Amino acid sequence: QYIRCLNVINKIDAVTIEETDRLARSSLHAVVVSCNLNLNIDHLIDRIWDYLALCRVYTKKRGAPPDFEDPLVLRGGARVEDACSAIHKSLADPNRFKYALVWGRSTKH
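Just so you know, these numbers come straight off a predicted model, no measurement behind them.

Here is what the cut-offs are and how they apply
- Residues numbered from 1 in each chain as written.
- Predicted model: local features only at pLDDT ≥ 70, side-chain atom pairs only at ≥ 80, totals over all residues.
- Heavy atoms only, no water.
- Disulfide = S-S within 2.5 Å.
- Helix = DSSP H or I, 4+ residues; strand = E, 2+ residues; numbered from the N terminus.

1. With respect to the state of the cysteines
(1) Moving on: Counted under the stated rule, the structure contains zero disulfides.
(2) Moving on: C5 supplies the cysteine sulfur nearest to C35, a cysteine that is in no disulfide, at a spacing of 17 Å.

Here's what the structure looks like:
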């Protein structure tokens, strides 16, 4: 079975630009970073999120703005039931759950 891999190459501040470019182009799964100088860390975080197929879900109380401080982190393809279970197991109970308002560009009905 194939397991996805992301090669993180650190200490790019210790080599030349040409060597860094060669390392970055060596594989589609390679990310070059420098933890010492905080170079390319944001790109690494984005690639990790993509590789793990994670998504952020922001909750909102009725009449209030969305809470962008503390999102739920779910796997890609998660359903409303999965989000309810992440908050509390009793929310996903079909006898207690009535409805949910879902919005955004990645929502499906």
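After presenting the structure, the write-up continues.
2. Comments concerning unusual backbone geometry
(1) Moving on: Within the chain, N40 stands out as a residue other than glycine whose phi angle is a positive 70°.
(2) Moving on: In this structure, N40 sits in the loop between strand 2 (30–32) and helix 2 (41–52).
(3) Moving on: Positive phi outside glycine occurs at A53, with the angle close to 55°.
(4) Moving on: Mapped onto the elements of the fold, A53 is located in the loop between helix 2 and strand 3 (54–57).

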